[in-house]
Amino acid sequence: MKFTSSENVDVKKNVIIFIIIALILFFVDRSENKYFKIIRFSINDAIIYSTVIVKSPFNFAIKISNSITNFFQSKNTINQNEIIELKNEINKIKNENISLRLQLDNFKKIINEENYQFQTIRTKVLMYKSNILQETIIINKGEKDGVNVGDPLIKNNVLVGKVIKTNFKSSHGILITNINSRVPVKIGDKSYRAIVVGNPNTEKRLNLEFLPKEFSFNDGDYIYTTNINNIMPEGILVGRMILKDKNNFFASPLYDFNQMDYLTIITMKR
Amino acid sequence: MFTFFKKYIASIFLLVSVIAGSVNIDILNKSISYYFNLQLILIYLFKISNPSLNFGKGVYLFLISIINDSLNGLFFGTSAILYFIVFAVAAFQSTIKLRSIFISEWFSFGLSLILAYLAYYALISFSGKDLIFLNIFINFSFTLIGYPLLWFIIPKSYLNNAIR
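Participant: What should I look at first to understand the overall build of chain A in this one?
Facilitator: If you tally the helices and strands in chain A, you get three helices and 12 strands. The burial tally for chain A puts 43% of its 270 residues in the buried class. The contacts in chain A between residues at least 6 apart in sequence include a share of 57% that link residues at least 24 apart. By element, 56% of the accessible surface of chain A is carried by carbon and sulfur atoms, the whole surface being about 15,100 Å².

Following this line, the structure appears as structure tokens:
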């Protein structure tokens, strides 16, 4: 590459130096070095919370504008909001009911299986970042709160995603619709085992991998998590099977992407 | 104050674009940052408009890339490599040109994007993550198309006065 003036020779030198530094940093970060991990956690937390603070006036302005809009809304519209909240509550209870029933069925089938007790942590979604690689959510709980990489993120007892990276007081999570997300599941009454993977073409469908050679689904069969090597707790709803005909089916996620202000983390002690 | 702002406008624009990337603006159920990479356009556009711009000898560019990596959950250094590839091509292009020819600038921007996305693909593959080729293609195409739009939108006085 040709750089003519002395100033540009400096630019060339700097570019090369910074690319080398970036490469070194990349490989050190990737190696999960325990000393670098502390630095990374601190930098990530500092950047994430600084960004939240910088963005807070804008978020505050948006909240005020929403409050003013709500104030001038008619009583009927406010009641509509209450109805939506109640509907959400009903959905949550319904999902919990289905999930508990599935867990109970499983425990009936498998006698002497170890019953894992899991702790849950309520967390706030600080940020949602999207790029060509993945859609990331940043939450306000980290390693110091007992969060580990791989912990499931749920909402209304429906699996939303899982933690992929932790810091001290914050974590990154990906959604189950991401192609890099892999979740062990069971499907329907016959409890077929499979792995749910995000669909690269659409967020409204999930791919099923490692299905048994012979299987038969019913329309609306629930897909729920299964506990293999303590990766996921048993019985969290993931999605439903949609059957167009016998050979034409797909899995559809159950989570509502628009309601991800607060989530619950299930901490898995590994 | 205004002179200071003008001097650092490139780094400020870049930093704001990184932070604002977390604001949810969706087009066809996809976030706006899925479609194009504003940071790469800004780096190229500012450097090509003012060859003496060096982003604090590259330090600001590096720090902004770290912020971007942190917010996107990427390994540190991933964005820096992309940013410096585009910056290097823009620096090279700005030294060889005698006068501003938009088409040749746009073409070399396309070339810098190809190099940057190839590096990105290699780094992500090396991280053991899957990347959808279609996503890269869409992002590449809209970033390339976005260049002339920003070239028209951002006033030339801002582009030429940014020196730090």
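Structure's up, so let's keep going.
Participant: When you look at the environment of Ile132 of chain A in this model, what are you seeing that I'm missing?
Facilitator: Looking at the element boundaries, Ile132 of chain A is found in the loop between strand E1 (119-130) and strand E2 (135-139). Residues contacting Ile132 of chain A, with those up to four places away along its chain left out, are Tyr34, Tyr117, Tyr120, Leu131, Asn135, Ile136 and Asn139 of chain B.

Participant: What exactly am I supposed to notice about helix H6 (residues 78-96) of chain B here?
Facilitator: One turn of the α-helix equals 3.6 residues, which is why residues spaced by three or four share an orientation. Spanning 19 residues, H6 of chain B covers 28 Å between terminal C-alpha atoms, matching the ideal 27 Å at 1.5 Å per step. Extensive coverage of H6 of chain B is indicated by the burial of 17 of its 19 residues.

Participant: Would you mind going over unusual backbone geometry with me for this structure?
Facilitator: The general pattern is negative phi for most residues beyond glycine and trans for most peptide bonds. Of note, Phe210 of chain A is a non-glycine position whose phi angle comes to about 60 degrees, a positive value. On the secondary structure map, Phe210 of chain A appears in the loop between strand E8 (206-209) and strand E9 (222-225). The exposure class assigned to Phe210 of chain A is exposed, which follows from its relative accessible area of 66%. The phi dihedral of Phe55 of chain B falls on the positive side, at around 50 degrees, and the residue is not glycine. Here Phe55 of chain B lies in the loop between helix H4 (38-49) and helix H5 (59-72). Using a relative accessible area of 1% as the deciding quantity, one classes Phe55 of chain B as buried.

Participant: Help me understand the interface of chain A and chain B in this model?
Facilitator: Buried accessible area, meaning the area lost when the parts come together, often serves as the stated size of an interface. Across the contact, 47 residues belong to chain A and 52 residues belong to chain B. Taking both sides of the interface into account, the surface hidden between chain A and chain B amounts to around 4,500 Å²; carbon and sulfur atoms contribute 66%. Linking chain A with chain B are zero salt bridges. Those elements that place two or more of their residues in the side of chain A that touches chain B are helix H1 (6-30), helix H2 (34-72), E1 and E2 of chain A.

Participant: Whenever I open this one, empty space enclosed by the protein confuses me. Can you help?
Facilitator: The probe, sized like a water molecule, is rolled over the atoms to show the empty space still left. Going through the model one piece at a time under the given rule, you end up with one cavity of 30 Å³ or more. Here the largest cavity is characterised by a volume of approximately 30 Å³. If you go around the largest cavity, the residues you meet are Phe26 and Leu133 of chain A together with Gly73, Leu74, Phe75, Thr78, Ile124, Ser127 and Lys129 of chain B. Classifying every residue of the lining of the largest cavity by side-chain character gives five nonpolar, three polar and one charged.

Participant: Even after reading the chapter, I still don't get the packing of H4 of chain B against helix H7 (residues 102-126) of chain B, so can you show me in this structure?
Facilitator: In a pair of packed helices, the angle between the axes and the distance between the axes together describe the arrangement. Residues and elements named next belong to chain B. Axis separation between H4 and H7 bottoms out at 11 Å; the angle between their running directions is 135 degrees. Here H4 is positioned oblique relative to H7, judged by the angle of their axes. In this structure, H4 crosses over H7, and the sense of that crossing is right-handed. Residues Leu40, Ile41, Tyr44 and Ile48 of H4 touch H7, and the partners they reach there are Glu105, Ser108, Phe109, Ser112, Leu113 and Tyr117.

Participant: Explain the pairing of E9 of chain A here, please?
Facilitator: Regular strands place their side chains on alternate faces of the sheet. Residue and element names in this part refer to chain A. Side-chain alternation along E9 places Tyr222 and Tyr224 on one buried face and Ile223 and Thr225 on a second face that is also buried. Direction of pairing for strand E6 (residues 182-187) relative to E9: antiparallel, over a ladder of three bridges. Bridge pairing in E9 places Lys186 opposite Tyr224. In the sheet, E9 pairs with strand E10 (residues 237-243) via three bridges, with the strands oriented antiparallel.

Participant: It is not clear to me how the packing of H6 of chain B against H7 of chain B should be interpreted in this structure. Could you clarify?
Facilitator: All names here are of chain B. Running from N to C, H6 and H7 cross one another at 155 degrees; their axes reach a closest spacing of 9 Å. In terms of their interaxial angle, H6 and H7 are classed as roughly antiparallel. As H6 runs across H7, the sense of the crossing is right-handed. Here Thr78, Ile81, Leu82, Ile85, Val86, Val89 and Gln93 of H6 lie close against H7, whose contacting residues are Ser104, Glu105, Ser108, Ser112, Leu115, Ala116, Ala119, Tyr120 and Leu123. Considered class by class, the residues forming the contact of H6 with H7 number 10 nonpolar, five polar and one charged.

Participant: Can you help me understand the environment of Asn44 of chain A in this one?
Facilitator: For Asn44 of chain A, the position within the fold is in helix H2. Under the relative-accessibility criterion, Asn44 of chain A is labelled buried at 2%. Put simply, Asn44 of chain A and Ile62 of chain A are 18 residues apart on the chain and 26 Å apart in space, counted from C-alpha to C-alpha. Dropping the residues within four chain positions of it, Asn44 of chain A is found in contact with Asn167 of chain A together with Ser70 and Phe76 of chain B.

About the criteria used
Residues numbered from 1 in each chain as written. Chains lettered and ligands numbered in written order. Predicted model: local features only at pLDDT ≥ 70, side-chain atom pairs only at ≥ 80, totals over all residues. Heavy atoms only, no water. Helix = DSSP H or I, 4+ residues; strand = E, 2+ residues; numbered from the N terminus. Buried < 20%, exposed > 50% of the residue type's maximum accessible area, 1.4 Å probe, protein only. Contact = heavy atoms within 4.5 Å. Areas by Shrake-Rupley, 256 points an atom, 1.4 Å probe, with all protein chains shown as cover. Expected span 1.5 Å × (residues − 1). Buried area = accessible area lost by both parts, 1.4 Å probe. Salt bridge = Lys/Arg side-chain N within 4 Å of Asp/Glu carboxyl O. 1 Å grid on protein atoms, 1.4 Å probe; cavity = no way out; pocket = protein on both sides within 12 Å on 5 of 7 lines; lining within 4 Å. Points joined across faces, edges and corners; volume = space filled by probe spheres on them. Nonpolar A, V, L, I, M, F, W, Y, C, P; charged D, E, K, R; others polar. Axes fitted to C-alpha atoms, helices over the stretch in contact; angles between N-to-C directions. Parallel < 35°, antiparallel > 145°, perpendicular 65-115°, else oblique. Left-handed = near helix turned anticlockwise from the far one by under 90°. Pairing = 2+ DSSP bridges.

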